[in-house]
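Tertiary structure, described
So you can see what is in the structure, the chains are spelled out below.
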Amino acid sequence: MGTLKIRRFNPEDPGKAGWASFEVPCLPTDRLLNLLTYVKGYLDGTLTFRRSCAHGVCGSDAMVINGVNRLACKVLMRDMLHKNTTVTIAPLRGLPVEKDLVVDMEPFFSAYRQIKPFLMTSGQEPTRERIQSQADRARYDDTTKCIPCACCTESCPVYWADGSYFGPDAIVNAHRFIFDSRDEGAGERMDILNGIDGVWRCRTTFNCTIACPRGIKVTQAITEVKRALLFNRKAVVR
Ligand code: FES
């Protein structure tokens, strides 16, 4: 058996916000998402959390698990219970809580949209695929792995202090296109990230890199955008 200690909040009864504990049967190979589903199915149907793919792809079940931002579907109980039989689970910090473990993602996706996370090109539509060398593709391979789950941005103390900072996720997704040899929007994105709420707010605390469930070198990506702004803007602006 294990205990899930879950932060509860019901907007219709905010005075009762607090922690609730649930005893759950579990095996070392169980994923935490399965146990949350067990609680909802058998112990308390009002427990609210997001999930979809259950395989670490959609990014919808990010939450604070034993103090660290993680995806519940990627957490195995054997990695959580080796020191303690209780796992604490809370909603992501830095975003308004809507109910229990569900937060309002709109401020996060607003920043994501502002850096224009799509290929920007000019001229006629090509009649065949846009050719890219393997070396050019490798330049931004790491940041293509992002599944905007918010684990990185919501682990950033600069973002907690002032939600106006674009945050690591938006910069990672800008990096993915800034260093794409086929894209022509690098100058526009770099101007956005050179502003008061852009990359210079980063204090390299590395929380984002630790939190990323995809293993993206988030702090390195932010540093590469900073270096491009300082030293080689001409090389990436096409
Ligand atoms: S449910 Fe899709 S990433 Fe966890």
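Structure report, in brief. Everything numeric here is computed off the predicted structure, so don't read it as measured data. (Residues numbered from 1 in each chain as written. Predicted model: local features only at pLDDT ≥ 70, side-chain atom pairs only at ≥ 80, totals over all residues. Heavy atoms only, no water.)

**Quick look at the overall build of the protein**
Note the following rule: Helix numbering and strand numbering both begin at the N terminus, where a helix is a DSSP run of H or I of at least 4 residues and a strand a DSSP run of E of at least 2. Exposure is judged per residue with a 1.4 Å probe applied to protein chains only, and the accessible area is read against the type maximum: over 50% gives exposed, under 20% gives buried, and values in between give partly exposed. Throughout, a contact is declared for two residues whenever any of their heavy atoms are within 4.5 Å. Here the Shrake-Rupley method, with its probe set to 1.4 Å, supplies the accessible areas, and only the displayed protein chains count as covering residues. Neither His nor the chain termini are counted; the positive set is Lys and Arg, and the negative set is Asp and Glu. We put the charge of a Lys on NZ, of an Arg on CZ, of an Asp on CG and of a Glu on CD.
Helices and strands together make up the secondary structure of the protein, namely ten helices and seven strands. For the C-alpha atoms alone, the extent of the protein along its principal axes is close to 60 × 35 × 35 Å. Residues counted as buried form 45% of the 238 residues belonging to the protein. Within the protein, counting contacts between residues at least 6 apart in sequence, those at least 24 apart form 64% of the total. Accessible surface computed for the protein: about 12100 Å², of which carbon and sulfur atoms make up 52%. In the protein, 33 side chains carry a positive charge and 26 a negative one; their mean positions are 4 Å apart.

**A short note on the environment of Lys-217**
Along the chain, Lys-217 turns up in the loop between helix H8 (207-211) and helix H9 (218-230). A residue is classified by how much of its surface remains accessible, and Lys-217, at 47% relative accessible area, is partly exposed. Residue contacts for Lys-217: discarding those within four places in its chain leaves Asp-142 and Thr-209.

**Focus: the sheet that holds strand E3 (residues 62-65)**
As a reminder, the rule being used: What makes two strands pair is DSSP finding at least two bridges between them. Where helices are involved, their axes are fitted lines through C-alpha atoms of the stretch in contact, as for all axes, and angles between N-to-C directions lie from 0 to 180°.
Taken together, the five strands give an open sheet; going across it, the order is E2-E1-E5-E3-E4, and neighbouring strands pair in mixed fashion. Looking at which strands have only one partner, the edges of the open sheet turn out to be strand E2 (18-24) and strand E4 (68-71). If you compare each strand with its neighbour and ignore which way they point, the axes differ by 35 degrees on average. Relative to the sheet, helix H1 (residues 32-43) contacts strand E1 (2-8), E2, E3 and strand E5 (86-90), its axis offset from that of E2 by approximately 95 degrees.

**Topic: the environment of Lys-145**
You can see Lys-145 is positioned in the loop between helix H4 (134-138) and helix H5 (157-161). Here Lys-145 falls in the partly exposed class, since its relative accessible area comes to 29%. In this structure, the C-alpha to C-alpha distance between Lys-145 and Asn-173, residues 28 residues apart in sequence, is 9.6 Å. When near neighbours in sequence (up to four residues on either side) are disregarded, Lys-145 contacts Arg-214, Gly-215 and Ile-216.

**What to know about the nonpolar core**
The cut-off we apply is this: Residues belong to one nonpolar core when they are buried, are Ala, Val, Leu, Ile, Met, Phe, Trp, Tyr or Cys, and are joined through side-chain atoms within 4.5 Å.
Counting 68 residues, the largest nonpolar core has Leu-4, Leu-36, Ile-89, Ile-178 and Leu-193 as the members making the most contacts within it. The element best represented in this core is H9, accounting for six residues. In this view, Ile-89 contacts Leu-4, Lys-5, Ile-6, Arg-7, Trp-19, Leu-32, Leu-36, Met-63, Val-64 and Leu-101; residues no more than four positions away in its chain are not counted.

**Some details on the pattern of salt bridges**
As a reminder of what qualifies: Note on definitions: salt bridges are taken to be side-chain nitrogens of Lys or Arg within 4 Å of carboxyl oxygens of Asp or Glu.
Tallied over the entire structure, the rule returns 14 salt bridges. Between Asp-13 and Lys-16 there is a salt bridge, and its shortest N-O distance comes to 3.7 Å. Salt-bridge contacts for Asp-183 lead to Arg-189; the nearest nitrogen and oxygen are separated by 2.7 Å. Each of the two residues, Asp-183 as well as Arg-189, counts as buried. Through salt bridges with shared partners, one network takes in Arg-8, Asp-44, Lys-99 and Asp-100.

**Focus: the packing of aromatic side chains**
Centre distance and the angle of the planes are the two values used to describe a pair of aromatic rings. What counts is decided by this rule: Aromatic contacts are taken between Phe, Tyr and Trp rings whose centres are within 6.5 Å, Trp giving its six-membered ring; a plane angle under 30 degrees counts as stacked, one over 60 as edge-to-face, and the others as tilted. Here, a charge over a ring means that NZ of Lys or CZ of Arg falls within 6 Å of the ring centre while also lying within 35 degrees of the ring normal.
Scanning the entire structure with this criterion turns up three aromatic pairs. Aromatic pair Phe-108 and Phe-109: ring centres 5.0 Å apart, planes at 75 degrees, arrangement edge-to-face. Classification of Phe-108 as buried rests on a relative accessible area of 2%. Ring geometry for Phe-109 against Tyr-112: centres 6.0 Å apart, planes inclined by 80 degrees, an arrangement best described as edge-to-face. Of the two residues, Phe-109 and Tyr-112 both sit in helix H3 (residues 106-114), three residues apart, roughly one turn of that helix. The rings of Phe-108, Phe-109 and Tyr-112 are connected pair by pair, giving a single aromatic cluster. Lying across the ring of Trp-19, Lys-5 places its NZ or CZ 5.2 Å from the centre. Over the face of the ring belonging to Phe-177 we find Arg-176, whose NZ or CZ atom lies 4.1 Å from the ring centre.

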